[in-house]
Amino acid sequence: MNFENKNILLGVCGGIAAYKVCELVRLLKKQGANVNVIMTKSAQYFVGKTTFQVLSEQKVLTDLFEEDSLGIQHIELASNADAVVIAPATANIIAKLATGIADDALSTTMLAVRAPVMICPAMNSDMYENLRVQRNLDVLTNDGFYVLEPDFGELACKVTGTGRLPDPQYIIDRLDSFLAVKDLKNKKVLISAGPTIEAIDPVRYISNHSSGKMGYEIARSAEKRGGEVTLVSGPVSLDSPANVELINIESCDQMAENMLERAKTADIIIKVAAVADYKPTDVASEKIKKKDLKNGFNIAFKENIDILKTIGKIKTKNQFLVGFAAETDDLEKNACLKMENKNLDMIVANPIGVPGAGFKEDTNKVQFFYKDGSKEDFALMEKKAIADILIDRIVARIG
Ligand code: CTP
C-alpha cells in the first residue's frame, strides 16, 4: 500500500512498548500517512499525550467527553480511517474488542470502525499465553482482524518469552502486506538475489558488488500481494523478508541446483541475482601459500552455467520469466538481446554509472523491455517502488 494521504487510526494502550509506537507514528508520517491517535487512560502513564500530538500533528483523543465537534469526533475518526492499528494491544483492549465492550474512547471508536484492523499484542509472555487472551485473539482473527504475533525476547519484566512489540518498521511492512490486494494468491514466485561467490581456496573467493536489495524488495512485494515466495539468495547483509521461504546459497552451482528444481513448479521466475559468470577451474583444498606462488597468483577460470538461459529453455508457456541486465553501454540493444537469447518474457535493465543507481543504493534507474517489443522508462526511484511496479506489470501480463 502506498501510505500517501491514507488515514491511519492508531490506538495506543497502556504497556511499556507504547514508547516504540512514537517511532511508528514518525515512520507512517514520513511515508505520507495522516495519523490520528487515540490513547487509553493507562497509555498516558507510559507516554504523554503531547508526544503523540506533536508527532502526529493532530489532536489526540483520550476522553469521549472532552471532545469537540458535538461529541462525535470518535465516529468521524472511525469512518475516515483507511486502516486501524492497535499497538501495543493489551490483554484488556483485546478482551474488550472480542466482546464488544465500549467503555472508553478507544473501545467505543472501535465499534464504529469498518476499515481493516491490525492488532499488535505486547505484554508479559505468561499473560500473552494465557488461555483467555489466546481465546480472545482467536475471536478477533475469526472476525477478520489481523493479529501480528509479538516477538520473542527479553521483556520489560525481565522474563524472556513471546510478548515484545515488533520493530516499528516491521509493523509497517506487515500492515502494508495486510492491506495489499492479493492478486498473486495461489501463485508460486521464485526469485534469486544477491551475488554468488566462487571459491579459490578455503579462505579466498571471487564475487561482485551485488547487495541483494532489489531482489529482496521484489520478494517482499510479491509476498504482500499474496504470492507463495521462495527467495534463493547469495550472501547478503539484509533482513530476511517475512513469510518468504529463504534458501541461502553461495556459488552459482548451488544457486542453479535450487533454482532449476523449483523452476519446474513456479508460476513466475525473477532472476535478479548477479551470478558470477566464471569460477576457478580448480578449487585448492588447502590455503594457497605465498611461498608456493613462484610466478604470482594466476587463476584459471571456467564458465559457470547460465541459470536463466537454462530455465528459458525448459519454461512452459504458462510460466513468466524475468531477467535483469546491468549494462554500461547500448542498454536497450544488449538487454533485448539477452531477453531473446534467454527466452524471457521481460527484462529489467539498468545503466551502470548513473548517480543514485546501482548495487548498493536504495534507489535505481530502470527500463522494462517486454517480449512483445514494448518498453517503459522510469525515473530514478526507490527499489521498493520499482519492485511494486514490476509486480504490477507481471500481474497484468499473467492475467
Ligand atoms: N544469469 C544467470 N546465470 C549466469 C549469468 C547470468 O542466471 N551464469 C542471469 C542473471 O541473473 C540476470 C541475467 O542472466 O538475470 C543477465 O545477467 P548478466 O550478467 O547481465 O548477463 P550475461 O548473460 O552474464 O552477459 P554479460 O555478463 O556478458 O553481459
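These figures come from a predicted structure and were not determined experimentally. (Residues numbered from 1 in each chain as written. Predicted model: local features only at pLDDT ≥ 70, side-chain atom pairs only at ≥ 80, totals over all residues. Heavy atoms only, no water.)

Along the backbone of the protein there are 14 helices and 21 strands. When the backbone C-alpha atoms are referred to their principal axes, the protein occupies close to 85 × 50 × 40 Å. Burial statistics for the protein: of 399 residues in total, 49% are counted as buried. A separation of at least 24 residues holds for 65% of the contacts in the protein among residues at least 6 apart in sequence. Only carbon and sulfur atoms are counted for the fraction: they give 49% of the accessible area of the protein, which is about 19800 Å². Side chains of the protein carry 49 positive and 54 negative charges; the gap between the two charge centres is 4 Å. (Helix = DSSP H or I, 4+ residues; strand = E, 2+ residues; numbered from the N terminus. Buried < 20%, exposed > 50% of the residue type's maximum accessible area, 1.4 Å probe, protein only. Contact = heavy atoms within 4.5 Å. Areas by Shrake-Rupley, 256 points an atom, 1.4 Å probe, with all protein chains shown as cover. Lys, Arg positive; Asp, Glu negative; His and termini not counted. Charge placed at Lys NZ, Arg CZ, Asp CG, Glu CD.)

Let's shift gears to the site of the ligand. Looking at the ligand, there are 13 residues lining it, with Lys-271, Ala-273, Leu-308, Lys-338 and Lys-342 nearest. Between a nitrogen atom of the ligand and a main-chain N or O atom of Ile-305, the distance comes to 2.9 Å. In this structure, an oxygen atom belonging to the ligand sits 3.0 Å away from a main-chain N or O atom of Phe-324. Across the complex, the protein chains shield 75% of the 570 Å² of accessible surface that the ligand would expose by itself. Judged by the fraction of its atoms near the pocket grid, the ligand is located in the second largest pocket. Looking at the shell around the ligand, the elements that each hand over two or more residues are helix 12 (307-314) and strand 16 (320-327). If one sorts the elements of the shell around the ligand by residue count, strand 16 sits on top with three residues. Looking at side-chain class alone, the shell around the ligand contains seven nonpolar, one polar and five charged residues. (Near = heavy atom within 4 Å. Polar contact = N/O pair within 3.5 Å; in protein donor to acceptor, adjacent residues only side chain to side chain. 1 Å grid on protein atoms, 1.4 Å probe; cavity = no way out; pocket = protein on both sides within 12 Å on 5 of 7 lines; lining within 4 Å. Sits in = over half its atoms within 2 Å of the grid points. Nonpolar A, V, L, I, M, F, W, Y, C, P; charged D, E, K, R; others polar.)

So, on to unusual backbone geometry. Going from Ala-87 to Pro-88, the amide bond is cis rather than trans, its omega being -15 degrees. Along the chain, Pro-88 falls in strand 3 (residues 83-89). Here Lys-158, not a glycine, exhibits a phi torsion of approximately 75 degrees, which is positive. Relative to the helices and strands, Lys-158 resides in the loop between strand 6 (151-154) and strand 7 (160-164). Phi is positive for Asn-243, which is not a glycine, with a value near 65 degrees. Note on placement: Asn-243 falls in the loop between strand 11 (228-233) and strand 12 (245-248).

Moving on to the sheet that holds strand 13 (residues 268-271). The eight strands lie next to each other as 12-11-8-13-16-17-19-20, forming an open sheet whose pairing is mixed. Taken across any chain shown, the strands that pair with only one partner, and hence form the sheet edges, are strand 12 and strand 20 (375-377). Averaged over all neighbouring strand pairs, the angle between strand axes comes to 15 degrees, with direction disregarded. Two strands pair when backbone bridges link them, and strand 11 and strand 12 are joined in this way by four bridges, in the parallel orientation. Residue pairing for strand 12: Thr-230 is matched across the bridge by Glu-245. Running over the sheet, helix 13 (residues 331-341) touches strand 16, strand 17 (346-351), strand 19 (367-370) and strand 20 and is turned about 150 degrees from strand 17. (Pairing = 2+ DSSP bridges. Axes fitted to C-alpha atoms, helices over the stretch in contact; angles between N-to-C directions.)

Moving on, we come to the environment of Asn-318. Relative to the helices and strands, Asn-318 is located in the loop between helix 12 and strand 16. When its relative accessible area of 62% is taken as the criterion, Asn-318 is described as exposed.

Looking now at the sheet that holds strand 5 (residues 146-147). Judged by pairing direction, the sheet is parallel, and its five strands sit side by side in the order 2-1-3-4-5 without closing on themselves. The sheet terminates laterally at strand 2 (34-39) and strand 5, the two strands that pair on one side only. Bridge count between strand 1 (residues 7-12) and strand 3: four bridges; the pairing is parallel. Directly across from Gly-11, in strand 3, lies its bridge partner Ile-86. The strands that helix 3 (residues 49-56) touches are strand 1 and strand 2; relative to strand 2, the one it contacts most, it runs at about 170 degrees.

The next point concerns the pattern of salt bridges. Counted under the stated rule, the structure contains 27 salt bridges. A salt bridge links Lys-213 to Asp-362, with the nearest nitrogen and oxygen atoms 3.0 Å apart. Of this pair, Lys-213 sits in helix 10 (residues 213-224) while Asp-362 sits in the loop between strand 17 and strand 18 (363-364), placing them 149 residues apart in sequence. The class of Asp-362 is partly exposed, set by a relative accessible area of 46%. With a closest N to O distance of 3.0 Å, Asp-388 and Lys-224 form a salt bridge. Here the residue Asp-388 occupies a position in helix 14 (residues 383-398), and Lys-224 occupies one in helix 10, the gap between them amounting to 164 residues. (Salt bridge = Lys/Arg side-chain N within 4 Å of Asp/Glu carboxyl O.)

Another point: the domain arrangement of the protein. In many reports, interface size means the accessible area that the parts give up when they come together. Once the domains are mapped, the protein shows domain 1 (7-179) and domain 2 (188-398). In this structure, domain 1 and domain 2 have C-alpha centres spaced 39 Å apart. At the junction of the two partners, domain 1 supplies four residues and domain 2 supplies five residues. The junction of domain 1 with domain 2 conceals about 420 Å² of combined surface from both sides, 39% of it contributed by carbon and sulfur atoms. Among the residues domain 1 hides against domain 2, the three largest losses belong to Arg-174, Asp-176 and Ser-177. Together they make up 73% of the total. Inspection of the region where domain 1 meets domain 2 yields three salt bridges. Across the salt bridge formed by Lys-384 and Asp-176, the nearest N and O atoms sit 3.3 Å from each other. Between the two partners, domain 1 and domain 2, sit four residue pairs in polar contact (both at pLDDT 80 or more). Here the residues of the side of domain 1 that touches domain 2 are counted per class, giving one nonpolar, one polar and two charged. (Domains from an automatic or database assignment. Buried area = accessible area lost by both parts, 1.4 Å probe.)

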